[in-house]
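Spelled out, the chains give:
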There are 4 protein chains.
Amino acid sequence: MTSFPPAPARAFASDNAAAAHPSVLEAVLAANDGPALAYGDDEHTRECEARFRDLFGADVTTRLTFNGTGANIVALATLLGSLPGPNHAVVCTDWAHIAVDETGAPERALATKLIDLPSSGAKLVPEQLAELSHVQGVQHHAQPGVVSITQATELGTLYSADEIAALCDQAHSLGMLVHLDGARIANATAALGGTRAALRAMTVDAGVDAVSFGGTKNGLLGAEAVVFLSPAASVGSEYVRKQVTQLPSKMRFLAAQFNAILHDDLWIGLAAHANAMAMELHRLTSAINGVEMDGPPAVNSLFPQLPPDAIGPLRDWCFFWDWDVSRHQVRWMTAWDTTTDDIATFAQGVQLVVGG
Amino acid sequence: MTSFPPAPARAFASDNAAAAHPSVLEAVLAANDGPALAYGDDEHTRECEARFRDLFGADVTTRLTFNGTGANIVALATLLGSLPGPNHAVVCTDWAHIAVDETGAPERALATKLIDLPSSGAKLVPEQLAELSHVQGVQHHAQPGVVSITQATELGTLYSADEIAALCDQAHSLGMLVHLDGARIANATAALGGTRAALRAMTVDAGVDAVSFGGTKNGLLGAEAVVFLSPAASVGSEYVRKQVTQLPSKMRFLAAQFNAILHDDLWIGLAAHANAMAMELHRLTSAINGVEMDGPPAVNSLFPQLPPDAIGPLRDWCFFWDWDVSRHQVRWMTAWDTTTDDIATFAQGVQLVVGG
Amino acid sequence: MTSFPPAPARAFASDNAAAAHPSVLEAVLAANDGPALAYGDDEHTRECEARFRDLFGADVTTRLTFNGTGANIVALATLLGSLPGPNHAVVCTDWAHIAVDETGAPERALATKLIDLPSSGAKLVPEQLAELSHVQGVQHHAQPGVVSITQATELGTLYSADEIAALCDQAHSLGMLVHLDGARIANATAALGGTRAALRAMTVDAGVDAVSFGGTKNGLLGAEAVVFLSPAASVGSEYVRKQVTQLPSKMRFLAAQFNAILHDDLWIGLAAHANAMAMELHRLTSAINGVEMDGPPAVNSLFPQLPPDAIGPLRDWCFFWDWDVSRHQVRWMTAWDTTTDDIATFAQGVQLVVGG
Amino acid sequence: MTSFPPAPARAFASDNAAAAHPSVLEAVLAANDGPALAYGDDEHTRECEARFRDLFGADVTTRLTFNGTGANIVALATLLGSLPGPNHAVVCTDWAHIAVDETGAPERALATKLIDLPSSGAKLVPEQLAELSHVQGVQHHAQPGVVSITQATELGTLYSADEIAALCDQAHSLGMLVHLDGARIANATAALGGTRAALRAMTVDAGVDAVSFGGTKNGLLGAEAVVFLSPAASVGSEYVRKQVTQLPSKMRFLAAQFNAILHDDLWIGLAAHANAMAMELHRLTSAINGVEMDGPPAVNSLFPQLPPDAIGPLRDWCFFWDWDVSRHQVRWMTAWDTTTDDIATFAQGVQLVVGG
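Overview of the structure.

## Things to note about the overall build of chain A
(1) Moving on: Helices and strands together make up the secondary structure of chain A, namely 14 helices and 10 strands.
(2) Moving on: Computed over C-alpha atoms, the radius of gyration of chain A comes to 21 Å, within 12% of the 21 Å expected from 2.2 N^0.38 for 356 residues, which places it in the range of a compact globule.
(3) Moving on: Principal-axis analysis of the C-alpha atoms gives chain A an extent of 65 × 55 × 35 Å.
(4) Moving on: Burial analysis of chain A (356 residues in total) assigns 63% to the buried set.
(5) Moving on: Considering only residue pairs separated by 6 or more positions, chain A has 76% of its internal contacts joining residues 24 or more positions apart.

## Remarks on the interface of chain A and chain C
(1) Moving on: Taken residue by residue, the interface counts 50 residues in chain A and 50 residues in chain C.
(2) Moving on: Contact between chain A and chain C buries roughly 4,100 Å² in total, counting both sides, with carbon and sulfur atoms accounting for 56%.
(3) Moving on: Of all residues in chain A, A:Arg108, A:Gln243 and A:Lys250 give up the largest surface area on contact with chain C, accounting jointly for 18% of the area buried on that side.
(4) Moving on: If you look at where chain A meets chain C, you find 0 salt bridges.

## So, the pattern of salt bridges
(1) Moving on: What the rule picks out here adds up to 40 salt bridges over all chains.
(2) Moving on: With a closest N to O distance of 3.5 Å, B:Arg63 and B:Glu238 form a salt bridge. Here B:Arg63 is found in strand E1 (residues 61-65), whereas its partner B:Glu238 is found in helix H10 (residues 237-243), with 175 residues between them in sequence.
(3) Moving on: Take B:Arg63: its relative accessible area is 16%, and that puts it in the buried class.
(4) Moving on: The salt bridge involving D:Arg51 is made with D:Glu47; its shortest N-O contact spans 2.9 Å. One end of the pair is D:Arg51 and the other is D:Glu47, both in helix H2 (residues 43-56) and 4 residues apart, which spans about a single turn.
(5) Moving on: The exposure class of D:Arg51 is partly exposed, given its relative accessible area of 22%.

## What to know about the relation of the copies chain A and chain C
(1) Moving on: After a rotation of 180 degrees and a shift along the axis of 0.0 Å, chain A superposes on chain C with an RMSD of 0.0 Å. Expressed as an axis order, the relation between the two copies is that of a two-fold axis. Taking the C-alpha atom as reference, chain A places A:Ala109 closest to the rotation axis, 3.0 Å from it.
(2) Moving on: Comparing interface residues between copies, 100% of those in chain A also lie at the interface in chain C; the contact surface is shared.

## Section: the packing of helix H13 (residues 308-317) of chain D against helix H14 (residues 340-355) of chain D
All names here are of chain D.
(1) Moving on: Running from N to C, H13 and H14 point in directions that differ by 150 degrees, and their axes come no closer than 10 Å. For the element pair H13 / H14, the angle class is roughly antiparallel. For the crossing formed where H13 meets H14, the hand is right-handed. Seen from H13, the contacting residues are Ala310, Pro313, Leu314 and Trp317; seen from H14, they are Thr345, Phe346, Gly349, Val350, Val353 and Val354.
(2) Moving on: Counted by class, the contact of H13 with H14 contains 8 nonpolar, 2 polar and no charged residues.

## Concerning the nonpolar core
Generally speaking, soluble globular proteins have nonpolar side chains that are buried together.
(1) Moving on: With 138 residues, the main nonpolar core has B:Phe52, B:Phe213, B:Phe258, D:Phe52, D:Phe213 and D:Phe258 as its most contacted residues.
(2) Moving on: With sequence-adjacent residues up to four places away left out, B:Phe213 is seen in contact with B:Phe52, B:Leu55, B:Phe56, B:Gly182, B:Ile185, B:Leu199, B:Glu224, B:Ala225, B:Val227, B:Phe258 and B:Trp267.
(3) Moving on: Listed in part, the 137 residues of the second largest apolar core include C:Ala186, C:Ala206, C:Phe253 and C:Trp267.

## Topic: the relation of the copies chain D and chain C
(1) Moving on: With an axial shift of 0.0 Å and an RMSD of 0.0 Å, the rotation relating chain D to chain C amounts to 180 degrees.
(2) Moving on: A share of 100% of interface residues in chain D that are also interface residues in chain C marks the association as one of identical surfaces.

## Concerning the interface of chain D and chain C
(1) Moving on: With 23 residues of chain D in contact, the opposing surface of chain C contributes 23 residues.
(2) Moving on: Across the chain D to chain C interface the summed buried area is about 1,800 Å²; carbon plus sulfur atoms make up 57%.
(3) Moving on: Among the residues of chain D in contact with chain C, D:Gln139, D:His140 and D:Tyr239 are the three that bury the most area, contributing 35% of the side total.
(4) Moving on: Between chain D and chain C we count 0 salt bridges in total.
(5) Moving on: One can count 8 residue pairs in polar contact (both at pLDDT 80 or more) joining chain D with chain C.
(6) Moving on: Here the element with the most residues in the side of chain D that touches chain C is helix H10 (residues 237-243) of chain D; it accounts for 6 residues.

## What to know about the packing of helix H12 (residues 266-285) of chain C against helix H14 (residues 340-355) of chain C
Residues and elements named next belong to chain C.
(1) Moving on: Between H12 and H14, whose axes approach to 9 Å, the crossing angle comes to 30 degrees. Considered as vectors, H12 and H14 are oriented roughly parallel to each other. Crossing angle aside, the handedness with which H12 passes H14 is right-handed. Side by side, H12 and H14 meet where Met277, Glu280, Leu281, Leu284 and Thr285 of the first sit next to Thr340, Ile343, Ala344, Phe346, Ala347 and Val350 of the second.
(2) Moving on: Of the residues that constitute the contact of H12 with H14, the class distribution is 8 nonpolar, 2 polar and 1 charged.

## Quick word on empty space enclosed by the protein
Unoccupied space between atoms shows up once a probe the size of one water molecule is rolled over them.
(1) Moving on: Tallying each qualifying case throughout the model produces 7 cavities of 30 Å³ or more.
(2) Moving on: Roughly 310 Å³ of internal volume is contained in the second largest cavity.
(3) Moving on: The wall of the second largest cavity is formed by 23 residues, among which B:Gly222, B:Leu254, B:Gln257, D:Gly222 and D:Leu254 lie closest to the centre.
(4) Moving on: At the level of elements, helix H11 (252-262) of chain B together with helix H11 (252-262) of chain D are the ones that each hand at least two residues to the lining of the second largest cavity.
(5) Moving on: In terms of residue class, the lining of the second largest cavity is built from 11 nonpolar, 10 polar and 2 charged.

## Quick notes on helix H12 (residues 266-285) of chain A
(1) Moving on: The end-to-end C-alpha distance of H12(A), which contains 20 residues, comes to 29 Å, matching closely the 28 Å that a straight helix rising 1.5 Å per residue would cover.
(2) Moving on: For H12(A), the set of buried residues is A:Trp267, A:Ile268, A:Leu270, A:Ala271, A:Ala274, A:Asn275, A:Met277, A:Ala278, A:Leu281, A:His282 and A:Thr285.

## A closer look at the sheet that holds strand E1 (residues 61-65) of chain C
Residues and elements named next belong to chain C.
(1) Moving on: Here we have 7 strands laid out as an open sheet, ordered E1-E7-E6-E5-E4-E2-E3, and mixed in their pairing. Edge strands, defined here as strands with exactly one partner in the open sheet, are E1 and strand E3 (114-117). On average, each strand axis in the sheet is tilted by 20 degrees relative to the strand beside it, whichever way the strands run.
(2) Moving on: Both strand E2 (residues 89-93) and strand E4 (residues 144-150) contribute to a ladder of 3 bridges, which runs parallel. The residue of E4 that forms the bridge with Ala89 is Pro144.
(3) Moving on: Sitting on the sheet, helix H11 (residues 252-262) touches E1, strand E6 (210-214) and strand E7 (224-228), and the angle it makes with E1 is about 115 degrees.

## Considerations on the packing of aromatic side chains
Geometrically, a pair of aromatic rings is defined through the distance of the ring centres and the angle of the planes.
(1) Moving on: Counted by the stated rule, this structure contains 58 aromatic pairs over all chains.
(2) Moving on: With a centroid separation of 6.3 Å and 75 degrees between ring planes, the pair formed by B:Phe320 and B:Phe346 is classed as edge-to-face. Of the two residues, B:Phe320 sits in the loop between helix H13 (308-317) and strand E9 (321-324) while B:Phe346 sits in helix H14 (residues 340-355), which places them 26 residues apart along the sequence.
(3) Moving on: B:Phe320 gets classed as buried once you look at its relative accessible area, which sits at 0%.
(4) Moving on: By relative accessible area, which is 0% here, B:Phe346 ends up buried.
(5) Moving on: When the ring of D:Trp317 is compared with that of D:Phe346, the centres are 6.0 Å apart and the planes differ by 5 degrees; the resulting orientation is stacked. Pair noted here: D:Trp317 is in helix H13 and D:Phe346 is in helix H14, with a separation of 29 residues, a long-range link. The same class applies to D:Trp317 and to D:Phe346, which are both buried.
(6) Moving on: Linked through ring pairs, A:Phe4, A:Phe12, A:Trp317, A:Phe320, A:Trp332 and A:Phe346 together constitute an aromatic cluster.
(7) Moving on: Between A:Lys242 and the ring centre of A:Tyr39, over which it is positioned, the NZ or CZ distance is 5.4 Å.

The rules we used
- Residues numbered from 1 in each chain as written.
- Chains lettered and ligands numbered in written order.
- Predicted model: local features only at pLDDT ≥ 70, side-chain atom pairs only at ≥ 80, totals over all residues.
- Heavy atoms only, no water.
- Helix = DSSP H or I, 4+ residues; strand = E, 2+ residues; numbered from the N terminus.
- Rg over C-alpha atoms; globule rule 2.2 N^0.38 Å.
- Buried < 20%, exposed > 50% of the residue type's maximum accessible area, 1.4 Å probe, protein only.
- Contact = heavy atoms within 4.5 Å.
- Buried area = accessible area lost by both parts, 1.4 Å probe.
- Salt bridge = Lys/Arg side-chain N within 4 Å of Asp/Glu carboxyl O.
- Least-squares fit on C-alpha atoms with pLDDT ≥ 70 in both.
- Axes fitted to C-alpha atoms, helices over the stretch in contact; angles between N-to-C directions.
- Parallel < 35°, antiparallel > 145°, perpendicular 65-115°, else oblique.
- Left-handed = near helix turned anticlockwise from the far one by under 90°.
- Nonpolar A, V, L, I, M, F, W, Y, C, P; charged D, E, K, R; others polar.
- Core = buried A, V, L, I, M, F, W, Y, C linked by side-chain atoms within 4.5 Å.
- Polar contact = N/O pair within 3.5 Å; in protein donor to acceptor, adjacent residues only side chain to side chain.
- 1 Å grid on protein atoms, 1.4 Å probe; cavity = no way out; pocket = protein on both sides within 12 Å on 5 of 7 lines; lining within 4 Å.
- Points joined across faces, edges and corners; volume = space filled by probe spheres on them.
- Expected span 1.5 Å × (residues − 1).
- Pairing = 2+ DSSP bridges.
- Phe/Tyr/Trp six-rings, centres within 6.5 Å; stacked < 30°, edge-to-face > 60°.
- Lys NZ or Arg CZ within 6 Å of the ring centre and 35° of its normal.

Any link to function would need more than the numbers given here.
Dropping the structure here:
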């Protein structure tokens, strides 16, 4: 039996297992300074909306929501609702969170088909959209209406801004709109330059119509923002949000959280740290005999294959989730609060149980 | 125990208990003359579409459907689908077939609220629509999107063409669209002049956006038509029809039925006869002691109140349905095939059991 | 122009305009003590579930949700999902929040009809349910499946525990289940004895199947709980919650809020205070000439009718919402943080602008 | 330019392009013999229900519907409605008509996910169902509830009765129910023995819960039947049928069609003929140089690959549909009314344009 050192203070289960950042809690406390009207008619929400306009442009519309599934559905339902005709289909990859990890919530709320295309690295290419044109105009087939891509993807890969722009061009030329599921858009932004310009390049400049802008995985207590990047894309979104149960009553407490991390681009810093920790974890474990892994991570997750016997003891010591049991593949995920000590200790454990 | 004469050959249960008109069956037989492509790509459907353009105008789009609930939902789903934003509500009366007699099919297929307003004689007035403006723009309330009226109504009453025009004006001024459930539009047409001009006055000229044009209750085996009265109103209706399970495969056999009754305005003649039979039934029974009834019927139904003890024996002899049990009110309905003999015999029975 | 004193620190807009209670924030801070697995696999959620079992009984299942609409839909969708057959209808009053104030969210998520019955004081009576039996078994009518009542009601009235038990008996005898929308169940509990026994008497003892247990209006940052009162009623509720977008990721931060107010029955104390403040407001304003109002409030809201000219100036000074504009009726609502000073000052203002 | 002989009287587009059988029309004419109550309360419908009980067993429940999509949705909605919990997913192949050719109607009516598994020859195997067990019990994944298989499949292949039994056993052991889309079940029955016993072996004896029993493609004007093979499977199906718009008003005219082909097992004879004609077409064309084709067909469709230049001229002469354009693959389909002359003439044309 392996004799492990004391486990890292923070395991590698998920970035949504991380705590909230202290400045987020301070902001919530500060927002609790007396009464404020509900449903967004308060100064914190107005500040938040202004901050998102600063980030993306004067024309954007921001709708705060509770969680990621809710954000995706507010975005998709609004975009689909702007298309005349039947319930249009949503196109995504076969790894998409909306297709795989949301219990059919999109099909229930949208009453429409998700066309999940096979993908390499959880990324779509424009040619796949072009091929959809053969079902357009045929009354027997679901009509594609919105493309939903994820950035960073569910596999920890990234689209370049140019790749997203090419997808948007293709989609728009077919009359389709584009949603970007950015549950980890901060990690993507950090990885692609770490600037607001990098964010804009892969969203508003690329032609994306609506973004699910993640917060919960990046140090919030729990809040997401749907940002509609043009006035046309946002029509009716306030009703849609209520209709799909995502209208927060005391909205100021969600807005304050975002205000805290949008201040001074803390959101980029937190994600950059998480990314760096994943890189460091890769550096310390990829050479261990018995650990099979791709090259350095693009963002904050690693998907190593381990010797079958090693997985149980290692996880009992420091928790992480399986990824693909049939291949003995697991997922190690870092977060804004992962420390170099956590990494070093964990790598030591991996060495003991796998490399030993 | 009353000693009745032989019962009428045709009872007064409903116009959908009537047989199909011989010319309808002849047309179906004639259409069965070899192969024809499915889903409407056939000469009978093309003829049918042309006949509806002759009837309503060059710009209309016709979608054949199987039944009345299907027609209503194809119409409503298409109109709602043309409105940007959330799932808009449908406004109707508290007597509306879509609200009362369709098992919640509209709510299921449309995933939206039906706002059923109180009504006098199953008719809406423009003021009721105007009052809806107070919920427009409030994110907590369902946003009215389509008004659905019934002509002739579920209570056998009629809107004048001017009344429909006023409703359409009010609806359109509020950004709403108008659907007319015309399961018995033939009876209404017959009652309001008996001409194609009368039909147009209360539909396309009045500003209605889509009509459910009934056939089954007017001598068909079973077919209805949704007629979209402007190109804008019909966008996507071919996909919507399939999506709500109303796309007929061997469509020629539905089209042929309509072609038979649209020829030489047989549809108006059949309905005029049904109306006349109801008038005759009113003439022969309204003066019978114990029969309480409103004045002469507008179309083909009577709603008499009878002595409680009379209802059972009378119905056992010649079937009809209850209407409001608490008031001892029943419904007598005539059809295209009701004869004056049927009427005379039935009136004799009423006299025996009620007036005796 | 009226010369008002400085406005009360807290207006009378709504109990969801109130701040969060300090102990709630302390609990959230304390819960932010390092990593914790997401989606409820954490000690705070386990404590919360245990606290609800203490409150209602060992057999109950608790599902935390984000907001009241979400809680209602998780409850209704789960109860409806347990009934075999078609999409059953939900029965409620014409004042019900689910029917009037949720933008058609129930119809969208449940794809079913809400049968909103006329009511006196926003309360149903068993006879209304009994009358629904005439549509049971008729294939043309939506089949009632769940009754949803609200306690305290949207009009600030209360059901007695016996009244709820009678409704439950009637519903169950017709094969229907019962949901209680308890957005203000704390205020009802405080008003009906202020004990846990009072809560149980009107819920689990009365035969209710599922409760939306409100928190947000009673001092939380934002959290509600759906409590299923029997194992049979809760089947599948964990999937339903995710499917209707109400599964919180960092659930510990919602659980901690409830743990704070469930401790030492703080939730009852907070609501009792809000109720008492409404009573005091009634005492100080009901006698003012020009204020028309019912007798003392049952819970924490007043619905006075005011002289038309008085409403604007009074609201500009200290905010409240209109209730029925046509009758010059407004709503004044107290909360857990309303003070006697707030009340005294506000009454002074009413006296100035109305009574003066 | 090829000099073709006169084209066959019947092309090879689809079995739903075929005419109706004379005995079907005679039956409809005979049913038009006066009034009959609507919605199935008539002697023809009662006879039809009895005929299906004769066919499948005393416990089955039959619901007539208008078309195949409607039949599938009545079946699926009823089976899903009998499962407690969330909106369960439907499992099918990636060739399934419900997944590919119904414009997303199932997702719209059922508000749930279709899990379309990769397949060989459009057939599922039990191992694929067994693998679904890894998502059961995980709240983030759609819970599989119903398996839908097609017999004969969309690719003209067949399951053996044993294969279906094995699928049913696996499905039931996982708590799932089984739907069989039998739009061409007559062709399958004819191919697997041509007896009622063969039908029962692959349905009720195999453990299938509900069958869409096709009629339209087998000589009817237009009618399908949903047959629930146990009382438990059919609960609420009468309401579901109305709710998804598939309740025929003058139902006798659908029932009469089925009565005609169920008499003396005409339905098997018609399908056997169609199958034989496909076999003959294969015999006459498979050896033609340039025609690439699998072995003899199981039922009534061939999927030949042709030289690209041959397809256009051949189709202009005698219509058929493309199948896979990228592979120059087309579909030739026979029907109950295809004649040996049609086959001989068509084979002559193929020889001229391809083999020449």
